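Structural overview for review
Here is how the chains run, residue by residue.
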Number of protein chains: 2
Amino acid sequence: MAVDPKYLSSFRCFEDLSDEQRRAVAELAEAECFYPKYTLFEENQPGERLYLITEGEVEVLYSNGERGLTRVDRLGAGEIVGCSALVPPYKHTSTTRSLIEIDVLIIDAIALRELIQEDYSLGFYIQQHIMRLLMERISNLRLGA
Amino acid sequence: MAVDPKYLSSFRCFEDLSDEQRRAVAELAEAECFYPKYTLFEENQPGERLYLITEGEVEVLYSNGERGLTRVDRLGAGEIVGCSALVPPYKHTSTTRSLIEIDVLIIDAIALRELIQEDYSLGFYIQQHIMRLLMERISNLRLGA
């Protein structure tokens, strides 16, 4: 797993990192393309990867009793899914799959967590970006967008 | 502003901090009680304080064109409001006010931000807890709870 560190510069998530930090994260990252209906992760699975959507759209599904898996949200380019991989107990709370073809940057979250234990500022700045995304998501949901 | 550092131990937000870190945060904290209909902060105001609700309930309001301020959410004990005070551009996105009498722990967010610049692990663990709360809020909103 690895991408060119320069590629990470185009992500807002990494804009506050130093060149050295970006190089370290690039070692844990991989650019991937998935076909429609590809399941990125499932509810209750351990969170081991973070997905930065660069193109396309995913649907977020919750299991809902007898109704089974039910779509509760859709997220597109610029969003990060699998954030549970950064918060204990590191377990996914949704099933997430591509609605159309998607391009994603995948980060090995287990390795990222280890890296953060040695450099908290790296984790702090990534968290700040994710918090901003989560707060925007909350605003959109509150407005029924 | 200051509370007994031991008081902070009862907050999940600070459970991953060291005693020394808790002592530093306690210097920036104050326990307060507010009457119903007290406005904690207003939309577009600079985010200067973080509010940990220990008792009671607040309403979250967005300004909504001609309809004026409209309630979009309610949050109770265990929640943290004013999270925008930790994320650039540090500007509140809602107006938040008490529905009933509330007890809160107020943290001076400007001083906290300065503290974090000297000790990122402190910021990392506080933000990890806030991310958990934001993700729970997203789940609740998705489920229409």
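Structure shown above.
None of these values were measured; they are calculated from a predicted model.

**Digging into the relation of the copies chain A and chain B**
Overlaying chain A with chain B gives an RMSD of 0.0 Å, the required rotation being 180° about an axis along which the chain moves by 0.0 Å. Taken together, these values place the two copies in the relation of a two-fold axis. When the interface residues of chain A are mapped onto chain B, 96% of them again fall at the interface, so both copies present the same face.

**A closer look at the environment of A:Ala24**
All names here are of chain A. Here Ala-24 shows up in helix H2 (residues 19-26). Given 18 C-beta atoms within 10 Å, Ala-24 falls into the partly exposed group. Here the alpha-carbon distance between Ala-24 and Pro-36, two residues twelve residues apart in the chain, equals 31 Å.

**Observations concerning the interface of chain A and chain B**
Across the boundary between the two partners, chain A contributes 25 residues, which contact 24 residues of chain B. Elements supplying a minimum of two residues to the side of chain A that touches chain B: strand E5 (69-76) and helix H4 (120-142) of chain A. The dominant element in the side of chain A that touches chain B, judged by the number of residues it contributes, is H4(A), at 16 residues. Considering only residue class, the side of chain A that touches chain B consists of 14 nonpolar, seven polar and four charged.

**Topic: the nonpolar core**
Ranked by internal contacts, the top residues of the largest apolar core, which has 75 residues, are A:Tyr51, A:Ile107, B:Leu50, B:Tyr51 and B:Ile107. Apart from residues no more than four positions distant in its own chain, B:Leu50 is found in contact with B:Ile80, B:Gly82, B:Ala85, B:Leu86, B:Ile107, B:Ala109 and B:Leu112.

**Here we look at the pairing of strand E8 (residues 102-108) of chain B**
Residues and elements named next belong to chain B. Where burial is concerned, most of E8 is hidden: five out of the seven residues are buried. Alignment of strand E3 (residues 49-55) against E8, held across six bridges, turns out to be antiparallel. Opposite Leu-50, over in E8, you have Ile-107 as the bridge partner.

**With respect to unusual backbone geometry**
A cis amide bond links A:Pro88 with the next residue in sequence, A:Pro89, at an omega value of 10°. Locating A:Pro89 in the fold gives a position in the loop between strand E6 (80-81) and strand E7 (95-98). Its identity as a non-glycine residue notwithstanding, B:Lys37 has a phi of 70°, on the positive side. Tracing the sequence through the fold places B:Lys37 in the loop between strand E1 (29-34) and strand E2 (39-41). Here B:Asn44, not a glycine, exhibits a phi torsion of approximately 75°, which is positive. By secondary structure assignment, the location of B:Asn44 is in the loop between E2 and E3. Given 11 C-beta atoms within 10 Å, B:Asn44 falls into the exposed group.

Parameters and conventions
Residues numbered from 1 in each chain as written. Chains lettered and ligands numbered in written order. Predicted model: local features only at pLDDT ≥ 70, side-chain atom pairs only at ≥ 80, totals over all residues. Least-squares fit on C-alpha atoms with pLDDT ≥ 70 in both. Contact = placed C-beta atoms within 7 Å. Helix = DSSP H or I, 4+ residues; strand = E, 2+ residues; numbered from the N terminus. Buried ≥ 20, exposed ≤ 12 C-beta atoms within 10 Å, placed from the backbone. Nonpolar A, V, L, I, M, F, W, Y, C, P; charged D, E, K, R; others polar. Core = buried A, V, L, I, M, F, W, Y, C linked by C-beta atoms within 7 Å. Pairing = 2+ DSSP bridges.

Geometric descriptors of this kind do not, in isolation, establish any biological role.
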